[in-house]
Protein chains: 2
Amino acid sequence: MQGIHGTKVDGADSIVISGGYLDDEDYGDVIIYTGAGGNDPATKKQIAHQSVDHPNNAGLITSELAGYPIRVTRKEKGAFRYDGLFSVTEHWIDVGRDGFQIVRYRLEKLPDDHPEEGPATKSEPAREPSYASTTVTRRIRDSAAARKVKDWHNHACQICGESIGIDGDRLYSEGAHIRPLGRPHVGPDETSNILCLCPNHHVQFDKGGITVGTDLVVLDRSTGKALGRLRTHPAHRIDIAHFDYVQRHVYPAQV
Amino acid sequence: MQGIHGTKVDGADSIVISGGYLDDEDYGDVIIYTGAGGNDPATKKQIAHQSVDHPNNAGLITSELAGYPIRVTRKEKGAFRYDGLFSVTEHWIDVGRDGFQIVRYRLEKLPDDHPEEGPATKSEPAREPSYASTTVTRRIRDSAAARKVKDWHNHACQICGESIGIDGDRLYSEGAHIRPLGRPHVGPDETSNILCLCPNHHVQFDKGGITVGTDLVVLDRSTGKALGRLRTHPAHRIDIAHFDYVQRHVYPAQV
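Residues numbered from 1 in each chain as written. Chains lettered and ligands numbered in written order. Predicted model: local features only at pLDDT ≥ 70, side-chain atom pairs only at ≥ 80, totals over all residues. Heavy atoms only, no water.

1. So, the sheet that holds strand β15 (residues 210-212) of chain A
Residues and elements named next belong to chain A.
Piece 1. An order of β15-β16-β17 is seen for the 3 strands of this open sheet, with the pairing classed as antiparallel. The strands lining the two open edges of the sheet, one partner per strand, are β15 and β17 (226-229). When strand polarity is set aside, the average angle formed by the axes of neighbouring strands in this sheet is 20 degrees.
Piece 2. The pairing of strand β16 (residues 217-220) with β17 spans 3 bridges and is antiparallel. Each bridged residue has a counterpart across the sheet, and for L219 the counterpart in β17 is A226. (Pairing = 2+ DSSP bridges. Helix = DSSP H or I, 4+ residues; strand = E, 2+ residues; numbered from the N terminus. Axes fitted to C-alpha atoms, helices over the stretch in contact; angles between N-to-C directions.)

Okay, here's the thing in structure tokens:
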């Protein structure tokens, strides 16, 4: 029984947790799941790198971006048990305990009344599998620390310098955590771990389009090209150890 | 008893629904609420325009952007009843039934276990009122229709032409509904009502920074300046009546 069912185009719709990966962490309603590939079924050891381009791994990322629910089945003592729907909230690249690169995902339990899939409409015939009305939620933690960082930078993005004008003469920006909050990264919700970014650069930073070095140089991850240096503010003391953590455990500088 | 308690800087933390505004709509867990100002208490009629710059109205918008919970009290038959916490999910400008411009808000009930306010931490002393760890959620409906629009444009923003690169050689964009979904606008989830936008222009379009005319010209709402024409694709047939609706009932072309 394969761990992940799905492909890059259609998205993944189900996973099986069978204890096949040493690096999986199961907290019940939160699952840290390891992608497919490079695993020796006999020893359960990682013997090669995993890639986000592996069809099943890419399928889970498609589901993350499109908000497709994932059916989770757990294998325990040889028996399979269906445990309901989860959403993929994050993915990242880490080095597993066997020393190879692995793709990891954070899955969170959806409420029991969450629709399995959206209804197909006449004007928009559903693809197989059909998910006509999924909703993606982007959670932005707007803590006192995030608001302080946005104030210091007056909503100017630390990567591009742009600030987003909305109505009533307001500016809009987002507080982006360098080391992600929550399991397994447990980054702190403090000004030293928060950047003021525009929504475009926030998405790119969170989803592995760009990364920032300990020298504050912003890199395009697909080309490795430097895009400039992070804008700073004297009051905003960033802990560069968080950038080091990201390059080791979230997104390495180059794919 | 004042309807909205709060200011632009601190955000609003509570409202009272007392039937003071003819344009309020109360669906229980969803409330369409009218802003402050321009209302004659004697006749309950609107006698002047409302503005997003009115301190109380600006306070509710601050709470919308920062994710602050709003305590809702309903007045019924002379008695006040506390009805729990709501979040402000949208605001817009409409013409009320008395012919004056009004500011409106959509509020949605939060779960009963939602924290009243975030805990203050030692390193980040709380302001009054203190909301140390609020979370803003941006919901993006990624329906089959939205995915079709994003495919046609290959994730290039219809306003700026940019597409956002994330890892694994993927492009990211968002499906933005022209006429908003849900009450009270009930825009359709169809390709004719969806634009392919980058996150920056999606936020600006949803929060009143820009508006689009029926001639497809994109306007900066604060200056009234034209920013160019919307990029189109031959297969993507936009219903321009939705732009007309937005200019009449969501964001007028000029503030």
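Here the narrative resumes, following the displayed structure.
2. Brief notes about the packing of aromatic side chains
Piece 1. As enumerated under the stated definition, the model contains 0 aromatic pairs over all chains in all.
Piece 2. The cationic tip of A:R183 hangs over the ring face of A:Y27; the distance from NZ or CZ to the ring centre is 3.8 Å.
Piece 3. Taking the ring centre of B:Y245 as reference, the NZ or CZ of B:R179 above it sits at 3.7 Å. (Phe/Tyr/Trp six-rings, centres within 6.5 Å; stacked < 30°, edge-to-face > 60°. Lys NZ or Arg CZ within 6 Å of the ring centre and 35° of its normal.)

3. Focus: the side chain of A:H155
Piece 1. Topologically, A:H155 is positioned in the loop between α2 (144-152) and β11 (164-166).
Piece 2. Engagement of the side chain of A:H155 in a polar contact is seen with the side chain of A:S173, the distance being 2.7 Å. (Polar contact = N/O pair within 3.5 Å; in protein donor to acceptor, adjacent residues only side chain to side chain.)

4. Quick look at the relation of the copies chain B and chain A
Piece 1. Between chain B and chain A, the superposition needs a rotation of 180 degrees and an axial shift of 0.0 Å, giving an RMSD of 0.0 Å. Such a combination of turn and shift is consistent with a two-fold rotation axis. The C-alpha atom lying nearest the rotation axis in chain B is that of B:R138; the distance is 2.5 Å.
Piece 2. Here 98% of the interface residues in chain B have copies in chain A that are interface residues too; the copies meet face to matching face. (Least-squares fit on C-alpha atoms with pLDDT ≥ 70 in both. Contact = heavy atoms within 4.5 Å.)

5. Topic: helix α3 (residues 199-206) of chain B
Piece 1. With 7 of its 8 residues buried, α3(B) lies for the most part within the structure.
Piece 2. Immediately downstream of α3(B), the backbone of B:G208 shows phi near 80 degrees, a positive value. (Buried < 20%, exposed > 50% of the residue type's maximum accessible area, 1.4 Å probe, protein only.)

6. Concerning the packing of helix α3 (residues 199-206) of chain A against α3(B)
Piece 1. It is at 6 Å that the axes of α3(A) and α3(B) come closest, and there the two elements cross at 135 degrees. With respect to their mutual orientation, α3(A) and α3(B) come out oblique. Contacts between α3(A) and α3(B) involve A:P199, A:N200 and A:V203 from the first element and B:P199, B:N200 and B:V203 from the second. (Parallel < 35°, antiparallel > 145°, perpendicular 65-115°, else oblique.)

7. Comments concerning the interface of chain B and chain A
Piece 1. Taken together, the contacts link 54 residues of chain B with 53 residues of chain A.
Piece 2. Counting each side, the surface lost to burial between chain B and chain A is near 4,300 Å², with a carbon and sulfur contribution of 50%.
Piece 3. Taken together, the links from chain B to chain A amount to 2 salt bridges.
Piece 4. A:R221 is the partner of B:D167 in a salt bridge, and the nearest nitrogen-oxygen pair spans 3.9 Å.
Piece 5. Our enumeration of links across chain B and chain A arrives at 16 residue pairs in polar contact (both at pLDDT 80 or more).
Piece 6. The set of elements that each furnish at least two residues to the side of chain B that touches chain A consists of α1 (55-66), β6 (79-95), β8 (133-143), α2 (144-152), β9 (164-166), β10 (170-172) and α3 of chain B.
Piece 7. Ranked by residues supplied to the side of chain B that touches chain A, first place goes to β8(B) with 11 residues.
Piece 8. Its residues assigned to classes, the side of chain B that touches chain A comprises 20 nonpolar, 16 polar and 18 charged. (Buried area = accessible area lost by both parts, 1.4 Å probe. Salt bridge = Lys/Arg side-chain N within 4 Å of Asp/Glu carboxyl O. Nonpolar A, V, L, I, M, F, W, Y, C, P; charged D, E, K, R; others polar.)

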